[in-house]
Amino acid sequence: ADDNARIYYSLLSIDGFKLESNGKNDLFQLNSYTGELSLISKLTHLDTKNIFKLIVGASDGTDHAIPALATVYIHITNHLSSTDRSSISITFGSN
């Protein structure tokens with residue numbers, strides 16, 4: 001497979017905190033092949049924090065590729081009728 005023909009995604013930071021090269025964190029997981037973002041933790045602290053600012057990079061598979069960056073805002077709202085249901089809205093901003 002030609003590495004130039006494939007796009008790889010990476011989660012670079014959450015709320016301004018730079019992540020290690022493997023993107024490991026306790027809240028979100030980003031599939032490096034599809035770009036699919038998943039919540040991997042139960043959010044129990046939504047009373048104080050409900051908007052997250054993520055920086056996502058996308059680049060081809062070549063050595064020393066400079067990623068294109070996107071700012072992604074995740075806004076999570078708890079439903080008053082249920083403590084187990086939340087709605088999530090995603091908006092994109094400029095870097």
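Data block above holds the structure.
Let us look at the structure shown here.

Conventions used here
Residues numbered from 1 in each chain as written. Predicted model: local features only at pLDDT ≥ 70, side-chain atom pairs only at ≥ 80, totals over all residues. Heavy atoms only, no water. Phe/Tyr/Trp six-rings, centres within 6.5 Å; stacked < 30°, edge-to-face > 60°. Helix = DSSP H or I, 4+ residues; strand = E, 2+ residues; numbered from the N terminus. Buried < 20%, exposed > 50% of the residue type's maximum accessible area, 1.4 Å probe, protein only. Polar contact = N/O pair within 3.5 Å; in protein donor to acceptor, adjacent residues only side chain to side chain. Contact = heavy atoms within 4.5 Å.

### Remarks on the packing of aromatic side chains
For step 1, the next point in the chain: Going through the model one piece at a time under the given rule, you end up with two aromatic pairs.
For step 2, the next point in the chain: For the ring pair Y8 and Y33, a centre distance of 5.8 Å and an interplane angle of 65 degrees mean the geometry is edge-to-face. Placement of Y8 in strand β1 (residues 7-14) and of Y33 in the loop between β3 (28-30) and β4 (37-39) is noted, with a sequence separation of 25 residues between them.
For step 3, the next point in the chain: In this structure Y33 comes out as exposed when scored by relative accessible area, which is 55%.

### Quick word on the side chain of N25
For step 1, the next point in the chain: Tracing the backbone through its elements, the reader meets N25 in the loop between β2 (17-18) and β3.
For step 2, the next point in the chain: Within the local environment of N25, its side chain forms a polar contact with the backbone nitrogen of L27, the two atoms lying 2.8 Å apart.
For step 3, the next point in the chain: A distance of 2.7 Å separates the side chain of N25 from the backbone nitrogen of F28, its partner in a polar contact.
For step 4, the next point in the chain: Ignoring sequence-local partners within four residues, the contact set of N25 consists of L11, I14, L19 and I40.

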